[in-house]
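# Coordinate inspection notes
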Amino acid sequence: MLLSNLNLLATAPGGVAKLRELILTLAVQGKLVPQDPADEPAGVLLQKIRAEKDRLIAEGKIKRDKPLAEIGEEEKPFELPQGWEWVRFGEIAGIERGGSPRPIEAFLTDDPEGLNWIKIGDTEKGGKYITSAGQKIKREGLVKTRMVFPGDFLLTNSMSFGRPYITQIQGCIHDGWLRISPPESLDKDFLYTLLSSRFVRNVFEAAAAGGVVLNLNADKVRTVPIPLPPLAEQSRIVTRVESLMRLCDALEAKGQLEAAQHAQLVSTLLGTLTAST
């Protein structure tokens with residue numbers, strides 16, 4: 001019924017948003033694209049990531065994290081396809097909280113040589129990248145904050161909690177952000193897909209600490225189990241997700257899809273849904 005009445009999603013409250021959630025859920029569970037037995041398994045990718053981290057530690061560029069416990073069977077919410085691995089987030093990425101020099105007003109500056117002060121207000125609704133910052137801080141404030149670099153992921157840890165962005169600028173972040181530094185050997189667009197999924201948001205919400213406002217603790221985010229596909233499959237997943245999201249954009253914008261677009265979306269989702277529990 002869902003698929004035969006697909007165009008009705010455009011006018012149903014939150015309909016297209018639910019469809020996007022479904023696409024991302026299928027993606028991170030390995031059900032959106034077929035597996036290729038010839039792909040180098042994720043276990044080999046993990047070895048490369050660990051070797052990269054060891055090299056950066058030896059060069060003094062990052063610190064060695066505390067060892068993380070093995071993932072228990074009770075922590076695995078679904079079965080992974082052949083070649084995938086469950087891994088704790090901190091094993092594949094550096095995760096650090098930002099900080100703020102106080103009072104911040106004393107550190108703000110109009111000096112063009114100042115450091116970009118990246119705030120949640122510098123993001124665009126529904127955007128993926130952070131391309132500019134509206135304010136700068138004095139360089140002496142650096143000891144109380146944290147630098148981020150192009151290619152780093154920023155994750156909001158309160159308010160619009162859990163929303164990922166990729167920064168394209170260098171700057172500093174306050175303690176409303178978590179900085180995630182992915183390894184070179186990981187597909188960054190796949191990581192963005194993973195962090196945008198309802199599955200990861202649910203895990204983050206369960207890990208969040210705090211009273212009225214949820215707050216993500218960097219140490220807890222490091223322990224979160226995530227599914228890791230082979231690198232080649234990461235690329236295929238990204239290509240398929242981007243294609244389907246464009247169809248969602250068209251559905252949202254025009255209220256309906258052309259016949260060929262409708263057939264593409266239905267054929268992709270029908271096969272995965274009928275094969276999926």
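Within any chain, residue numbers begin from 1 and follow the written order of that chain's sequence. Confidence filtering applies because this is a predicted model: local features only for residues at pLDDT of at least 70, side-chain atom pairs given and counted only at 80 or more, and all residues used for totals across whole chains, interfaces and linings. Water and hydrogen atoms were dropped before computing side-chain values, which therefore reflect all heavy atoms in the structure.

### Topic: the overall build of the chain
Selection rule: Per the convention used, a helix needs a DSSP run of H or I reaching at least four residues, while a strand needs a run of E reaching at least two, with both numbered from the N terminus. Burial classification: accessible surface area is computed with a 1.4 Å probe over protein chains only, and a residue below 20% of its type maximum counts as buried, one above 50% as exposed, and the rest as partly exposed. Note on definitions: a residue-residue contact is assigned when non-hydrogen atoms from the two residues lie within 4.5 Å. In this description, accessible areas are obtained by the Shrake-Rupley approach with a 1.4 Å probe, and a residue is regarded as covered only by the protein chains that are shown.
Secondary structure assignment for the chain yields eight helices and twelve strands. A total of 277 residues make up the chain; the buried ones form 48% of that total. Within the chain, counting contacts between residues at least 6 apart in sequence, those at least 24 apart form 72% of the total. Looking at the chain as shown, the accessible area adds up to about 14,300 Å², and 53% of this sits on carbon and sulfur atoms.

### Here's the deal with the sheet that holds strand E11 (residues 177–181)
As a reminder of what qualifies: A pair of strands is labelled paired if DSSP reports no fewer than 2 bridges between them.
Here five strands make up an open sheet; going across it, the order is E2-E11-E8-E9-E5 and the pairing mixed. Strands at the two margins of the open sheet, each flanked by one partner only, are strand E2 (94–97) and strand E5 (129–130). The pairing of E2 with E11 spans four bridges and is classified as antiparallel. Bridge assignment links Glu-96 to a residue of E11, and that residue is Arg-179.

### Some thoughts on the nonpolar core
To be explicit about the condition: To define a nonpolar core, start from buried Ala, Val, Leu, Ile, Met, Phe, Trp, Tyr and Cys residues and group those joined through side-chain atoms within 4.5 Å.
Core analysis: the biggest nonpolar cluster contains 57 residues, and Ile-23, Phe-89, Ile-92 and Phe-204 have the highest contact counts within it. Sort the elements by how many residues they give to this core and helix H7 (residues 231–254) lands first, with nine residues. In this view, Ile-92 contacts Leu-46, Ile-49, Val-87, Pro-182, Pro-183, Leu-186 and Ile-226; residues no more than four positions away in its chain are not counted. Counting eight residues, the second largest nonpolar core, distinct from the first, contains Val-148, Tyr-165, Ile-173 and Trp-177.

### Structural notes on the pattern of salt bridges
Worth spelling out the cut-off: The rule for a salt bridge is simple: a side-chain nitrogen of Lys or Arg has to be within 4 Å of a carboxyl oxygen of Asp or Glu.
Here the structure, examined in full by the defined rule, presents 15 salt bridges. Residue Glu-40 is joined to Lys-48 by a salt bridge in which the shortest nitrogen-to-oxygen separation is 3.0 Å. On the accessibility criterion, Lys-48 (44% relative accessible area) is partly exposed. Close ionic contact of Lys-128 with Asp-189 constitutes a salt bridge, the shortest N to O distance being 2.7 Å. Of this pair, Lys-128 sits in the loop between strand E4 (115–118) and E5 while Asp-189 is found in helix H4 (residues 188–196), placing the two residues 61 residues apart along the sequence. For Asp-189, a relative accessible area of 26% corresponds to the partly exposed category. If you follow the salt bridges from partner to partner, you end up with Glu-96, Arg-146, Asp-152 and Arg-179 in one network.

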